[in-house]
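The primary structure of each chain is shown beneath.
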Amino acid sequence: MSEPRYPFVHVDVTPEQADEISGLLFELGASGVEERDETTLQKNAASGLVTLVASFDSREEAEQAIAELPEGLVGRYEEVVGDAWRDAWKEHYKPYTLAEGLVVRPPWEPYEAKAGEKVLELEPGRAFGTGLHETTRLVAQAIRTHAPEIAKATVLDVGCGSGILALVALALGAERAVCIDIDQEAIDVTVENAARNAMQDRVEASTTPLEEITAVSPIVLANIEARVLIPMAEELQKHVAPGGLLLLSGILVPQKDDVRAAYPDMELLADPSAGEWVLLALRKAKA
Ligand SMILES: C[S@@+](CC[C@H](N)C(=O)[O-])C[C@H]1O[C@@H](n2cnc3c(N)ncnc32)[C@H](O)[C@@H]1O
């Protein structure tokens, strides 16, 4: 029996073009689009550029998409034969320290915790949030920094993806987490990941829009994107308790001032960066 063949289109774009061209590839029939850059497990083709890897159901559709790319962009047709690639990435995903004293491990990798270490088991794959991305790591480290003040708190995680940040907060002392995401798949993965860590009774996850969430929390996490964090500023701040913390991530360094300007009433506590990403740790005034 012949091995299955999977058609892909690879396109190198600038980081600024990545979202738009990724959207276009979906419009042209892609069933999935992966972004590769210097930070991902599978690297980009050229430094400074993002390689978009779009999967198609047939060679004809892939070639049609290449023909319809905007001028200046060159699509490369690639075909993967056989199914081994589907699990190849798992070999790279080993237990790793996400923040001091906090290790994340995939379900297939055993890990023996050292004294005082917390271990979270996380199934990545279907939703953003393996913890390997700098934007996630920056928030996890900020949660670690502020761990004493989140003890027994309810955390609000907006754009929860795999649920990783909520689980970090729970592992570091928070009592409960309210997780929301616009993507139902992310909610399903968050619920699964909570159960893997016996935290299902402490996590409430849904696609409820932020405006409909009544909880006000002493710590609100939002690792999304500048273009979402800016229009969402008022709503996000409403959900932070007086004197509470808002950790904003998913911000490219050049976008920092614009995001900061959308939150003028909050005090800037810190703005650590990692690679091209920066986190804003903000505090709401006490009532
Ligand atoms: C960069 S991922 C972050 C995932 C995870 N919190 C982490 O830190 O690894 C951003 C998530 O925000 C979600 N998202 C995007 N816009 C949103 C919105 N307006 N409201 C809620 N979630 C949103 C996406 O579906 C995605 O799961």
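What counts, and where the lines are drawn
Residues numbered from 1 in each chain as written. Predicted model: local features only at pLDDT ≥ 70, side-chain atom pairs only at ≥ 80, totals over all residues. Heavy atoms only, no water. Near = heavy atom within 4 Å. Polar contact = N/O pair within 3.5 Å; in protein donor to acceptor, adjacent residues only side chain to side chain. Areas by Shrake-Rupley, 256 points an atom, 1.4 Å probe, with all protein chains shown as cover. Nonpolar A, V, L, I, M, F, W, Y, C, P; charged D, E, K, R; others polar. Salt bridge = Lys/Arg side-chain N within 4 Å of Asp/Glu carboxyl O. Helix = DSSP H or I, 4+ residues; strand = E, 2+ residues; numbered from the N terminus. Buried < 20%, exposed > 50% of the residue type's maximum accessible area, 1.4 Å probe, protein only. Pairing = 2+ DSSP bridges.

Asks: What should I look at first to understand the site of the ligand in this one?
Replies: The full set close to the ligand counts 15 residues, and Thr136, Gly159, Leu165, Asp181 and Asn223 are the nearest of them. In the model, a nitrogen atom of the ligand is placed 2.8 Å from a nitrogen or oxygen of the Gly159 main chain. Between the ligand and Asn223, the relevant distance is 2.8 Å, taken from an oxygen atom to a side-chain nitrogen or oxygen of the residue. With the chains in place, 83% of the 600 Å² that the ligand exposes on its own is no longer accessible. For the shell around the ligand, the residue count by class is eight nonpolar, five polar and two charged.

Asks: What's the story with the pattern of salt bridges in this structure? I'm lost.
Replies: This structure, assessed with the given rule, holds 13 salt bridges. Across the pair Glu235 and Lys238 runs a salt bridge, and its minimum N-O distance is 3.0 Å. Separated by three residues within a single helix, Glu235 and Lys238 lie in helix H9 (residues 233-238), roughly one turn from each other. Classification of Glu235 by relative accessible area gives buried; the value is 17%.

Asks: How should the pairing of strand S1 (residues 5-13) be read in this particular structure?
Replies: The side chains of a regular strand alternate, residue by residue, between the two faces of the sheet. With seven of its nine residues buried, S1 lies for the most part within the structure. With seven bridges joining them, S1 and strand S4 (residues 75-81) adopt antiparallel strand pairing. Its bridge partner being in S4, Arg5 is matched across the sheet by Val81. In this structure, S1 lies alongside strand S3 (residues 50-55), joined through six bridges in antiparallel fashion. The residue of S3 that forms the bridge with Val13 is Val50.

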